[in-house]
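Geometric and topological summary
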Amino acid sequence: MGFAETFKALSDPTRREILDLLKGGRPLTAGEIVDQFNMTGATISHHLSILKHAGLIDDEKKGKYIYYYLSSSVLDDVLNWILSLKEDLPSEIPEDPKNKKQKGETRNEK
């Protein structure tokens with residue numbers, strides 16, 4: 001999965017809420033997830049499908065129920081990428097030469 005699918009999945013507030021529900025570590029059935037929202041089962045199923053396609057959640061069938069749980073591998077990849085961006089930032093942001101004042105010049109002078 002690419003980051004595009006991941007960020008698209010994360011862009012929706014309902015899907016982020018579903019991830020929050022699953023972060024507790026206990027797998028939840030679709031019914032348990034639906035109970036937390038004022039939406040139809042079909043709508044939640046659609047959100048679960050997008051999250052699964054993005055690799056953010058996984059599922060496991062046990063008996064007649066499908067349990068959903070957080071999958072940390074894609075989250076780890078995204079987090080590591082974001083942290084690598086931060087590592088590459090300079091400790092100080094260089095001053096923009098266009099905004100540099102000449103000696104003796106005030107801000108309003110041009």
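Structural data are supplied above this passage.
For the structure given in this document, a descriptive report is provided here. Just so we're clear, the structure is a prediction, and the values are computed from it rather than from any experiment.

**Section: the nonpolar core**
- Ranked by size, the top nonpolar core spans 17 residues in total, and within it Ile 18 and Ile 33 carry the most contacts.
- Those elements that provide at least two residues to this core are α2 (13-22), α3 (30-34), α4 (41-53) and α5 (72-87).

**Focus on the packing of aromatic side chains**
- Summed over the entire model, instances satisfying the criterion amount to three aromatic pairs.
- For the ring pair Phe 3 and Phe 7, a centre distance of 6.0 Å and an interplane angle of 80 degrees mean the geometry is edge-to-face. One end of the pair is Phe 3 and the other is Phe 7, both in helix α1 (residues 3-10) and four residues apart, which spans about a single turn.
- On the basis of relative accessibility, which here comes to 36%, the residue Phe 7 falls in the partly exposed class.
- What makes Phe 3 partly exposed here is its relative accessible area of 31%.
- A connected cluster of aromatic rings, assembled from ring pairs, spans Phe 3, Phe 7 and Trp 81.
- The ring of Tyr 67 is capped by Lys 62, whose NZ or CZ atom sits 5.7 Å from the centre of that ring.

**Description of the packing of α2 against α4**
- Relative to each other, α2 and α4 sit at 75 degrees, their axes nearing to 10 Å. Our classification of the angle between α2 and α4 gives roughly perpendicular. Between α2 and α4, the residues in contact are Thr 14, Arg 15, Ile 18 and Leu 19 and Ile 44, His 47, Leu 48, Ile 50 and Leu 51, respectively.
- Partitioning the contact of α2 with α4 into residue classes produces six nonpolar, two polar and one charged.

**Points about the sheet that holds strand β2 (residues 57-62)**
- One open sheet accounts for three strands, arranged β1-β3-β2; its pairing is antiparallel. Of all strands in the sheet, those bounded by a partner on one side alone are β1 (28-29) and β2.
- Two elements, β1 and strand β3 (residues 65-70), share two bridges in a ladder whose sense is antiparallel. From the neighbouring strand, Thr 29 faces β3, where its bridge partner is Tyr 67.
- In this fold α4 packs onto β2 and β3, with an angle of close to 115 degrees to the strand it touches most, β2.

What counts, and at which threshold
Residues numbered from 1 in each chain as written. Predicted model: local features only at pLDDT ≥ 70, side-chain atom pairs only at ≥ 80, totals over all residues. Heavy atoms only, no water. Core = buried A, V, L, I, M, F, W, Y, C linked by side-chain atoms within 4.5 Å. Buried < 20%, exposed > 50% of the residue type's maximum accessible area, 1.4 Å probe, protein only. Helix = DSSP H or I, 4+ residues; strand = E, 2+ residues; numbered from the N terminus. Phe/Tyr/Trp six-rings, centres within 6.5 Å; stacked < 30°, edge-to-face > 60°. Lys NZ or Arg CZ within 6 Å of the ring centre and 35° of its normal. Axes fitted to C-alpha atoms, helices over the stretch in contact; angles between N-to-C directions. Parallel < 35°, antiparallel > 145°, perpendicular 65-115°, else oblique. Contact = heavy atoms within 4.5 Å. Nonpolar A, V, L, I, M, F, W, Y, C, P; charged D, E, K, R; others polar. Pairing = 2+ DSSP bridges.

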